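# Overview (structure and organization)
Here is what each chain is made of, one letter per residue.
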Amino acid sequence: MIYVSPSLLSADFTNLEKEIKSCEESGADYLHLDIMDGHFVPNITFGPFIVEFCKKISKLPLDVHLMIEKPENYIEKFAKAGADIIVIHAESTVHIHRQIQLIKSLGIKAGIALNPATSVEFLDYIIDDLDLVLFMSVNPGFSGQSFIPSTLDKIDQFNIYYQDRLKEDFLIQVDGGVNDKTHKLLTERGVNMLVSGNYFFKHPNRKEAIRILKS
Ligand code: DX5
Ligand code: ZN
């Protein structure tokens, strides 16, 4: 099963409710919400308030990608706002293990995101506690960037190291430059959750975009 999680960063925010409905109607499995603080990444987006709004108007599970420094200060707020998955960055806090335990104690799936230059070995002592790993295939901060090819080597390395240790419903997510040209390279490597911003929202037929990503 391949899940598609459209990234609302590329949506028309003046029509957010309509855009979210369009994700539902097109067959999206999750909504990917990019939280940026202007410190961890050179862009600022939105906070728990918008997450709460999405929860109110949609039944799709919320996949919350925190690109913020010291996520420990906000995990509980995003949980309360309705996150179903919270992903924090390997590079964003010193006490990663503690934050994973915190997310799980709130009854939410916990994920770790790796920036393009971060090695999979970072996962050695936490992989058994995780529900999801997110491979960033662009430098986080903006939608519409080109896919970084070395992501594929990293996923191959991940499979060599960890494939036997993953629980059955483990999610392997890729975010950045996912489109009709890159998706197969990912899914043939076991990636089962594709985030798509520009490709999905700019496609003239969004249902078809999802069909292609899942094919
Ligand atoms: C980038 C974000 C992505 C972004 C993906 O920092 O995490 O979710 O919106 O956009 P595309 O699919 O256009 O690369
Ligand atoms: Zn993202």
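Higher on the page you've got the structure.
The following paragraphs examine the structure supplied in this document.

### Some words on the coordination of the zinc ion (ligand 2)
- The protein atoms that coordinate the zinc ion (ligand 2) are H32 (NE2), D34 (OD), H65 (ND1) and D175 (OD), at distances spanning 2.0 to 2.3 Å.
- For the zinc ion (ligand 2), the 6 donor atoms are set out with angles of 70 to 169 degrees between them, so the coordination reads as octahedral.
- Mapped onto the sequence, the residues coordinating the zinc ion (ligand 2) show the spacing H-x1-D-x30-H-x109-D. In this pair, D34 is assigned in strand β2 (residues 31-36) and H65 in strand β3 (residues 62-67), connecting sequence segments 31 residues apart. Per residue, the accessibility class of D34 equals that of H65, and both read buried.

### Structural notes on the nonpolar core
- Counting residues in each nonpolar core, the largest one holds 61 residues, and the members touching the most others are L8, I112, L123 and F158.
- For L123, the residues in contact, after removing those within four places along its chain, are I112, L114, L130, V133, F158 and Y162.

### Topic: the pairing of strand β4 (residues 85-89)
- Of all the 5 residues making up β4, 5 are buried; the element is thus mostly covered by neighbouring parts of the structure.
- Alternating positions in β4 separate into two faces, I85, V87 and H89 on one and I86 and I88 on the other, with burial throughout.
- Handedness of the crossover joining β3 and β4 through helix α3 (residues 75-81) is recorded here as right-handed.
- In this structure, β4 lies alongside strand β5 (residues 109-114), joined through 5 bridges in parallel fashion.

Scoring rules and cut-offs
Residues numbered from 1 in each chain as written. Chains lettered and ligands numbered in written order. Predicted model: local features only at pLDDT ≥ 70, side-chain atom pairs only at ≥ 80, totals over all residues. Heavy atoms only, no water. Donors = N, O, S within 2.8 Å, 3.2 Å for Na, K, Ca; no water. Tetrahedral: all angles 85-135°; square planar, octahedral: opposite > 155°, others 65-115°. Helix = DSSP H or I, 4+ residues; strand = E, 2+ residues; numbered from the N terminus. Buried < 20%, exposed > 50% of the residue type's maximum accessible area, 1.4 Å probe, protein only. Core = buried A, V, L, I, M, F, W, Y, C linked by side-chain atoms within 4.5 Å. Contact = heavy atoms within 4.5 Å. Right-handed = clockwise from strand over helix to strand, strands pointing away. Pairing = 2+ DSSP bridges.

Remember, this is a structural readout, not a statement about activity or role.
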